[in-house]
Amino acid sequence: MVDNNIFKEKTPLILIVDDVARNLQVLGTILGKENYKIAAANNGEQAISIANNTLPDLILLDIMMPGINGYEACARLKKDPKTRDIPIIFLTAKIELDDIVKGFEAGAVDYITKPFNSVELLVRTKTHLELKISRDLLKEKALHIRKEKNKIETIIQSIDDGVFVVDKDLIITLFNPKACQISGFSEKEVIGQKYYDILKFIIELDNNRVDDKFIKDAVKTGKIQEINNHTLLITKKGNQIPVADSAAPLINEKGQVTGCVVVFRDITKDREIEKMKSEFVSITSHQLKTPLTGVKWMTELLLRSKLNKEQMEYANYAHDSTNRLVDLIDDLLDVSHIETGRKFDIQIENTDVIVLLNAAIRDVEKNARKKNISISKDKGTLSKLMAGVDPDKIRQVIGNLIDNAVKYSKQGGTIELSCVKDRNEIVIFVRDHGIGIPQKQQKRLFEKFFRADNAVLSETDGTGLGLYIVKAIVGAHNGKIWFDSVENKGTTFYIKLPI
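Remember, predicted model here, so these are calculated numbers, not experimental data.

A. Broad picture of the overall build of the protein chain. Scanning the protein chain for helices and strands turns up 15 helices and 20 strands. Expected size for 499 residues packed as a compact globule is a radius of gyration near 23 Å; at 39 Å, the protein chain overshoots this value by more than 25%. Each principal axis of the C-alpha distribution contributes one length, and for the protein chain these read about 125 × 60 × 45 Å. Taken across its 499 residues, the protein chain has 41% of its residues classed as buried. Taking all contacts inside the protein chain whose residues are at least 6 apart in sequence as the whole, residues at least 24 apart take part in 62%. With an accessible surface of roughly 28,400 Å², the protein chain has 52% of that area assigned to carbon and sulfur atoms. When the 73 basic and 70 acidic side-chain charges of the protein chain are each reduced to a single mean position, those positions are 2 Å apart.

Below, the structure is given as structure tokens:
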């Protein structure tokens, strides 16, 4: 039985050609036991016709036949593009060298002598079938690869982003039309060149500092790398264009990195739109803040006045609503600083971070009492810890995290805080035992305007800007922020700041 893996996808068809019926019967019986499909012809003309109609995987062809002999039939099959790749094995009683050579010259791949030896017949048949089917599979794969390559090249050539490919030696092997348009360099100028000899990526705020680490890291690590924010590309004419996107490694079937694909786009218009939006937010926020400060002051005066119970409720509601609106405007002003590419105006002072921690706790005590939530400091928390930070901004960070912990804790819950020194860093954590963050949404937690589904249901107030700003402030201090969270069990935020 045929059990070779190569025959699993296809049962081979063998065409047997012999003018002796007995030979056809013997060959058919031997090969049929191996589960090959069999076709038969008793002369050369019939063989050519059947071969054209069925395209067998192998032809066993008798030499001496009436009409056209095997040599001529073979020659005609090899001249026809449709049948020329079908392997032909001659069946012959002739074993003279000249006859064998003549058969090979006609295009045969092998010969089998009569009378037939079944073992020899099966071995030779199987060998040439495997070669034929392997060749066909390779052709199919090559055709598929060619089609996919053409498809990819068509996409790359027509895509509206700049795309270039480098090999493991960082030599450019592909440069699409959009890349030419953005950079000003032609394909002919860049192909075969080291990318860094042609394309200069620099940091916007430091024009002398090259910023192409994302390409080298993609090749070195085998991981996708993002282009840093505020990266510029110097064009052929010397213009500086803000660009964004990423570099993705090219990995072969052995898992080896063979280069990378860099995709980039001109974000000049995006920057202009963002600038207009941020300027609008900034101006509007400033304009709103002035009258709101007056409203806030008036509500504070009302709360100090002699009001009846109903009037006090209204005044408290107006005061709380005004405070929320002022906080929102402050958040929008902070966001406008981030969006324009500027870090916060960090004013570093030698500050006792524990004082900031205590102040942040006092800020949320009123809301914590409303939910009967206790806030405690971990035993390891120091009584004093001096560090160079912006006191207002770090108080804002700690306050935001504690406020969130209160908002998303259950009635009667607990919140633990800690602030310790670890070598040359401050480590702060804020832990609650509240609603937690759904696993599927944790990656988006620091995104602008994002709020988890359960957070929206638990606390309707909120802009989704707090953690976005917190991360920016921590980043401006060259620190790190991360968290651990399990839905319905709680969340712990961690901050590391250099001393």
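B. Spotlight on the environment of Lys 410. You can see Lys 410 is positioned in the loop between α13 (391-407) and β17 (414-422). Take Lys 410: its relative accessible area is 48%, and that puts it in the partly exposed class. Residues Lys 410 and Leu 55, 355 residues apart in the sequence, show an inter-C-alpha distance of 76 Å. The residues contacting Lys 410, other than those within four sequence positions of it, are Lys 371, Ile 373 and Asn 488.

C. Structural detail: the nonpolar core. Ile 402, Cys 419, Ile 426, Phe 493 and Ile 495 are the most contacted members of the largest nonpolar core, which has 46 residues in total. Among the elements of the structure, α12 (353-370), β16 (386-389), α13, β17, β18 (425-432), α15 (466-476), β19 (480-486) and β20 (490-498) are those that each provide at least two residues to this core. In terms of residue count, the dominant contributor to this core is α12 (8 residues). If near-sequence neighbours (up to four positions away) are discounted, Ile 495 is found in contact with Val 397, Leu 401, Ile 426, Val 427, Ile 428, Val 474, Lys 480 and Ile 481. Within the second largest apolar cluster, 26 residues are counted, among which are Cys 180, Tyr 195, Ala 218 and Ile 241.

D. Region of the structure containing a nonpolar patch on the surface. On the surface, Trp 297, Met 298 and Leu 301 cluster together to form a nonpolar patch covering roughly 310 Å² of accessible area. Within the fold, Trp 297 resides in helix α10 (residues 268-304).

E. Fine view of the pairing of strand β4 (residues 88-92). Extensive coverage of β4 is indicated by the burial of 5 of its 5 residues. Burial of β4 is two-sided: the residues Ile 88, Phe 90 and Thr 92 facing one way and the residues Ile 89 and Leu 91 facing the other way are all buried. Bridging between strand β3 (residues 58-62) and β4 involves 4 bridges; their strand directions are parallel. Within the sheet, the bridge partner assigned to Leu 60 lies in β4 and is Ile 89. Regarding topology, helix α3 (residues 70-79) serves as the crossover connection from β3 to the parallel β4, and that connection is right-handed. Here 4 bridges tie β4 to strand β5 (residues 110-113), and the two strands are oriented parallel to one another. Within the sheet, the bridge partner assigned to Ile 89 lies in β5 and is Asp 110.

F. Highlighting the sheet that holds β19. The strand order β15-β17-β18-β20-β19 describes an open sheet built from 5 strands, whose pairing is mixed. Strand pairing shows two members of the sheet lacking a second neighbour, β15 (374-377) and β19, which therefore form its edges. Averaged over neighbouring strand pairs, the angle between their axes works out to 15° when direction is ignored. Of the strand pairs in this sheet, β18 and β20 are connected by 7 bridges, and their pairing is antiparallel. Counterpart to Val 430 in the pairing with β20 is Phe 493. Packed on one face of the sheet, α13 meets β15, β17, β18 and β20 and runs near 20° to β18.

G. A look at the packing of α3 against helix α4 (residues 97-106). In contact at an axis separation of 8 Å, α3 and α4 are set at 25° when each is read in the N-to-C sense. One finds that α3 runs roughly parallel with respect to α4. Along its contact with α3, which presents Tyr 71, Cys 74, Ala 75 and Lys 78, the element α4 presents Asp 99, Lys 102, Gly 103 and Ala 106. Of the residues belonging to the contact of α3 with α4, the class tally is 4 nonpolar, 1 polar and 3 charged.

H. Fine view of the packing of aromatic side chains. In the structure shown here, the tally under the stated rule is 12 aromatic pairs. Centre to centre, the rings of Phe 104 and Tyr 111 are 6.4 Å apart; their planes meet at 70°, and the pair counts as edge-to-face. The class of Phe 104 is partly exposed, set by a relative accessible area of 39%. Ring centres 5.6 Å apart and planes at 45° place the aromatic pair Phe 483 and Phe 493 in the tilted group.

I. Broad picture of α13. Compared with the 24 Å implied by 1.5 Å per residue over 17 residues, the 24 Å span of α13 between its first and last C-alpha is a close match. Those residues of α13 that fall on the buried side of the exposure criterion are Pro 391, Lys 393, Ile 394, Val 397, Ile 398, Gly 399, Leu 401, Ile 402, Asn 404, Ala 405 and Val 406. Capping the start of α13, Asp 390 holds a side-chain oxygen 3.1 Å from the backbone nitrogen of Asp 392, two or three residues further along.

Thresholds, definitions, all that
Residues numbered from 1 in each chain as written. Predicted model: local features only at pLDDT ≥ 70, side-chain atom pairs only at ≥ 80, totals over all residues. Heavy atoms only, no water. Helix = DSSP H or I, 4+ residues; strand = E, 2+ residues; numbered from the N terminus. Rg over C-alpha atoms; globule rule 2.2 N^0.38 Å. Buried < 20%, exposed > 50% of the residue type's maximum accessible area, 1.4 Å probe, protein only. Contact = heavy atoms within 4.5 Å. Areas by Shrake-Rupley, 256 points an atom, 1.4 Å probe, with all protein chains shown as cover. Lys, Arg positive; Asp, Glu negative; His and termini not counted. Charge placed at Lys NZ, Arg CZ, Asp CG, Glu CD. Core = buried A, V, L, I, M, F, W, Y, C linked by side-chain atoms within 4.5 Å. Patch = residues over 30% accessible without salt bridge, like charges linked within 9 Å, V, L, I, M, F, W, Y side chains within 5 Å. Salt bridge = Lys/Arg side-chain N within 4 Å of Asp/Glu carboxyl O. Pairing = 2+ DSSP bridges. Right-handed = clockwise from strand over helix to strand, strands pointing away. Axes fitted to C-alpha atoms, helices over the stretch in contact; angles between N-to-C directions. Parallel < 35°, antiparallel > 145°, perpendicular 65-115°, else oblique. Nonpolar A, V, L, I, M, F, W, Y, C, P; charged D, E, K, R; others polar. Phe/Tyr/Trp six-rings, centres within 6.5 Å; stacked < 30°, edge-to-face > 60°. Expected span 1.5 Å × (residues − 1). Polar contact = N/O pair within 3.5 Å; in protein donor to acceptor, adjacent residues only side chain to side chain.

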